[in-house]
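Each chain, letter by letter, is given below.
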Amino acid sequence: MSDVTPIRSSVRTGGSGLKNVGGLWGELLAEFLGTFVLIAFGDGVVAMAVAALPGSGRAQTPTTIFLASGDWLLITWGWALAVTMAVYVAGGVSGAHINPAVTLAFAVRRKFPWSKVGPYMVAQVAGAFVGAALVLLNYFPAIDAYNKAVGVGRGDPKSNATFSIFATFPAPFFNGNPLGPLVDQIIGTMFLVMLIAAIIDLRNTAVQANLGPVVVGFAVAAIGMSFGANAGYAINPARDLGPRLLAWLGGWGQVAMPGTVDGSFSWYFWVPIVGPLVGGVIGVLVYDWFIGDVLHARDRLAKPAPEPGRTREPGQPEPGRAGSEAAG
């Protein structure tokens, strides 16, 4: 929509800020806003399931959550739509990584500049923090009402229910051992990045009509339904760390940072950071080993090899003769 007048005068007039907004700074703004949208809708749907629906009288009791799998489906599809909307928002500017695991994986295998990795990650975490702050602002009364109904305060060991609006924690059957949740996060993020690589690969079964963000959302829904309950399927360091920091500042204390509930788990915060970063790299390598290299080989085999000593394509004029042949 080139007829829309830019807000910034420097962009309207072609001033000194034009290059900044059109370059890395503009990409960081897009990553910030995209991740903000992701968390606003993603954490927002959890707030609906945990606090707002029970507190508004729309659940069986004021403390009823996860009565059946329907609540989990609400959350998985909510996160799927959150990812879809976020990619539509930021995709045209930054590629909508909105996930440090994606950024790192693309730097490893998709020639994404390493100089941008750090700034992208900072913008993603910042966007996630602000998105979580918006959710807390909007659902503040509902969260406090739920805590009051169950008789806990923020930061109490039993406040995991409302803390889960913002960040993740492991299931009790891990008995506090971080290895299981770490493996879970590696697996979930491996699938996420592998599927993203397949969806955006134009050599593969390319998604048509700008439906890529929708299919990426389907991928997130599939992961949530199949691999979500073990550790909350963060599969995104920014998605967990930004809201976790917000929850820590918002009163959830050590339940948020460093992620400790006595007798259940301790110092958990690093698991949804390290696991996704490792899993993302594995995912892109797996895709390229099994699919990407095959597509590349088929593409090379479909093109005639150049004559020995020449680099031109068959039928193209030799260098230096184009002008004379055209004149003749």
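We now turn to the structure provided with this report.

What counts as what
Residues numbered from 1 in each chain as written. Predicted model: local features only at pLDDT ≥ 70, side-chain atom pairs only at ≥ 80, totals over all residues. Heavy atoms only, no water. Helix = DSSP H or I, 4+ residues; strand = E, 2+ residues; numbered from the N terminus. Buried < 20%, exposed > 50% of the residue type's maximum accessible area, 1.4 Å probe, protein only. Contact = heavy atoms within 4.5 Å. Areas by Shrake-Rupley, 256 points an atom, 1.4 Å probe, with all protein chains shown as cover. Phe/Tyr/Trp six-rings, centres within 6.5 Å; stacked < 30°, edge-to-face > 60°. Core = buried A, V, L, I, M, F, W, Y, C linked by side-chain atoms within 4.5 Å. Salt bridge = Lys/Arg side-chain N within 4 Å of Asp/Glu carboxyl O.

All right, on to the overall build of the chain then. Tallying secondary structure elements over the chain gives twelve helices and zero strands in all. Put simply, the chain runs from its N terminus to its C terminus through helices and strands in the order α-α-α-α-α-α-α-α-α-α-α-α. Each of the 328 residues in the chain was classed as buried or not, and the buried ones make up 44%. Contacts spanning at least 24 positions in sequence make up 75% of the contacts within the chain whose residues lie at least 6 apart. Taken as a whole, the chain presents about 16700 Å² of accessible surface, with 65% of it coming from carbon and sulfur.

The relation between two aromatic rings is expressed through the spacing of the ring centres and the mutual angle of the planes. In the structure shown here, the tally under the stated rule is nine aromatic pairs. Ring centres 5.0 Å apart and planes at 55 degrees place the aromatic pair Phe 173 and Phe 174 in the tilted group. Classification of Phe 174 by relative accessible area gives buried; the value is 16%. Between Trp 267 and Phe 269, the ring centres sit 6.1 Å apart and the planes meet at 55 degrees, which makes this aromatic pair tilted. On the basis of relative accessible area, Trp 267 is assigned to the exposed category, the value being 53%.

The subject of this paragraph is the nonpolar core. One finds Leu 38, Trp 79, Ile 143, Ile 165, Phe 166 and Trp 252 to be the most contacted residues of the largest nonpolar core, which totals 64 residues. Contributions of two or more residues to this core are made by helix H3 (24-55), helix H4 (69-94), helix H5 (100-109), helix H6 (114-150), helix H8 (179-200), helix H9 (212-227), helix H10 (237-252) and helix H11 (271-302). Ignoring any residue separated from it by four or fewer positions in sequence, one finds Ile 165 in contact with Asp 43, Val 46, Ala 47, Val 50, Ala 51, Val 135 and Ile 143.

Our focus in this paragraph is unusual backbone geometry. For the peptide bond that leads from Met 257 to Pro 258, omega is 10 degrees, which places it in the cis range. With respect to the helices and strands, Pro 258 occurs in the loop between H10 and H11. You will see that Ala 209, though not glycine, has its phi angle at about 55 degrees, which is positive. Tracing the sequence through the fold places Ala 209 in the loop between H8 and H9.

Looking now at the pattern of salt bridges. As enumerated under the stated definition, the model contains eight salt bridges in all. Where Glu 27 meets Lys 116, a salt bridge forms, and the shortest distance between an N and an O atom there is 3.1 Å. One end of the pair, Glu 27, is in helix H3; the other, Lys 116, is in helix H6, with 89 residues separating them in the sequence. Linked through salt bridges whose partners overlap, the residues forming this network are Arg 109, Arg 110 and Asp 288.

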